[in-house]
Amino acid sequence: MHLPASPTRHRISGKTRLIALLGSPVSHSKSPGMQNGCFEALGLDFAYLAFDVPLEKAASAVEALRVLNVRGANVTMPLKRAVCPFLDRLSPAAEMAGAVNTIVNDDGVLTGHITDGIGYTLSLEDAGIDIAGKVMTIAGIGGASTAVAIQAAMQGVAEITLFNQRDAFFDAGHDLVEMLQGRLGCKARLYDLADVAQLRASMARSHIFVNGTPVGMEATLGQSVVPDAAYFHPGLIVSDLIYVPEHTALLKMAQAAGCKTVSGLGMQLFQGVEAFRLWTGRDMPVGLARSLLRA
């Protein structure tokens, strides 16, 4: 039987290097389409595939990268912290965050990087927003939120207020506050996300609000981490790290309140730009990557 021509089929060879996406869930991810499209456009012999890996398999997944000589990986929830003990090195930002979202395999030496923070700040720059000297409120202290807080502090944000549920991550939030203040010179504090009065007060005096929780995606689709539209004010920039859906309930509520909004699609784009450079040594074609993410 004659098979029709396929650019992807012709591109895959015995020399093609694999790059993986590790996490759970991953079926919603737009990264494979973006990365593979850019590899093909530049004629690079890589293939990017998503693998659903539960938390308890973190060590096995990292070992598989070594055994199969995988060039690298993106790491998403719930593995961003869990894979760190099994890597050989961490970049300075990843070491401060205690989490990674990108792994590079150099001849069996696995280095963990965190590109979420720079991806987020680049997405704000792309929207014409300067963060220097601003006051920021962040809901959630997971891997991506921590990376955002660290990068924001490194780029001159004056004050960051963190909110999180009193779960297993809450105590780690105190360490993050100490790091932001002691190592990066940014005023910081931590509160329980259930303290809605404090959340409202913090948002009232902030320039930027960031949702770094999963509220608004998957099982909580249509829900918002901010309980009421009265929490917003027109001068507030509201951003969501969720990018599927692109227009979350939080962003819709904020837009209706007159706020400028930034979706998680920008962070997803620019963190991928940096990861692409780490794996390939080449600059990702940003215009193409943006169109692939939106496709």
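So, here's what we can say about the structure.

Criteria and thresholds
Residues numbered from 1 in each chain as written. Predicted model: local features only at pLDDT ≥ 70, side-chain atom pairs only at ≥ 80, totals over all residues. Heavy atoms only, no water. Helix = DSSP H or I, 4+ residues; strand = E, 2+ residues; numbered from the N terminus. Expected span 1.5 Å × (residues − 1). Buried < 20%, exposed > 50% of the residue type's maximum accessible area, 1.4 Å probe, protein only. Contact = heavy atoms within 4.5 Å. Axes fitted to C-alpha atoms, helices over the stretch in contact; angles between N-to-C directions. Left-handed = near helix turned anticlockwise from the far one by under 90°. Nonpolar A, V, L, I, M, F, W, Y, C, P; charged D, E, K, R; others polar. Polar contact = N/O pair within 3.5 Å; in protein donor to acceptor, adjacent residues only side chain to side chain. Pairing = 2+ DSSP bridges. Phe/Tyr/Trp six-rings, centres within 6.5 Å; stacked < 30°, edge-to-face > 60°. Lys NZ or Arg CZ within 6 Å of the ring centre and 35° of its normal. Core = buried A, V, L, I, M, F, W, Y, C linked by side-chain atoms within 4.5 Å.

### Remarks on helix 6 (residues 143-154)
Helical geometry note: an α-helix holds 3.6 residues per turn, so side chains three or four residues apart project in the same direction.
Thinking step 1. End to end, helix 6 covers 17 Å across 12 residues, agreeing with the expected 16 Å (1.5 Å per residue, within 8%).
Thinking step 2. Counting buried positions over the 12 residues of helix 6 gives 11, a clear majority of the element.
Thinking step 3. Those residues of helix 6 that sit buried are G143, A144, S145, T146, A147, V148, A149, I150, Q151, A152 and A153.
Thinking step 4. For helix 6, the elements touching its buried residues are helix 4 (92-97), helix 5 (116-126), strand 7 (135-139), strand 8 (159-164), helix 7 (170-182) and helix 10 (264-280).
Thinking step 5. Backbone geometry just after helix 6 places G156 at a positive phi near 100 degrees.

### Observations concerning the packing of helix 5 against helix 6
Thinking step 1. Viewed as axis vectors pointing N to C, helix 5 and helix 6 meet at an angle of 65 degrees, and their least axial separation amounts to 7 Å. Crossing geometry of helix 5 relative to helix 6 is assigned as right-handed. On helix 6, the residues touching D116, G117, I118, Y120 and T121 of helix 5 are A144, A147, V148, Q151 and A152.
Thinking step 2. Here the residues of the contact of helix 5 with helix 6 are counted per class, giving 6 nonpolar, 3 polar and 1 charged.

### Re the side chain of T213
Thinking step 1. Considering the arrangement of structural elements, one finds T213 in the loop between strand 10 (208-211) and strand 11 (237-240).
Thinking step 2. Relative accessible area serves as the criterion here: at 12%, T213 is assigned to the buried category.
Thinking step 3. In this structure the side chain of T213 is engaged in a polar contact, spanning 3.2 Å, whose partner is the backbone nitrogen of V215.
Thinking step 4. Residues in contact with T213, not counting those within four places in the same chain, are A139, G140, L193, V225 and I242.

### As for the sheet that holds strand 10
Thinking step 1. Reading across from one edge, 9-8-7-10-11-12 is the order of the 6 strands in this open sheet, with parallel pairing throughout. Each end of this open sheet is capped by a strand with a single partner; those strands are strand 9 (187-192) and strand 12 (260-262). Taking each pair of neighbouring strands and ignoring which way they run, the sheet shows an average axis angle of 15 degrees.
Thinking step 2. The pairing of strand 7 with strand 10 spans 4 bridges and is parallel. Following the sheet pairing, I138 is matched in strand 10 by V210.
Thinking step 3. Helix 9 (residues 249-256) rests against strand 10, strand 11 and strand 12 of the sheet, and its axis sits at about 165 degrees to strand 11.

### What to know about the packing of aromatic side chains
Thinking step 1. Taken as a whole, this structure holds 4 aromatic pairs when the rule is applied.
Thinking step 2. The interplanar angle of 35 degrees and the centroid separation of 5.4 Å between the aromatic rings of F39 and F46 together place this pair among those described as tilted. Here F39 matches F46 in class, with each residue buried.
Thinking step 3. Looking at R200, its charged tip hangs above the ring of Y231, at a distance of 5.5 Å from the centre.

### Digging into the nonpolar core
Thinking step 1. Within the largest apolar cluster, 32 residues are counted, with the highest numbers of intra-cluster contacts made by Y120, M136, I138, I160, L162, L180 and I208.
Thinking step 2. Among the elements of the structure, helix 4, helix 5, strand 7, helix 6, strand 8, helix 7, strand 9 and strand 10 are those that each provide at least two residues to this core.
Thinking step 3. Among the elements that take part in this core, helix 6 stands out by supplying 6 residues, more than any other.
Thinking step 4. In this structure, L180 is in contact with A149, I150, A153, I160, L162, G185, C186 and A188, ignoring residues within four places of it in sequence.
Thinking step 5. Membership of the second largest hydrophobic core comes to 22 residues, among which are C38, V104, F270 and L278.

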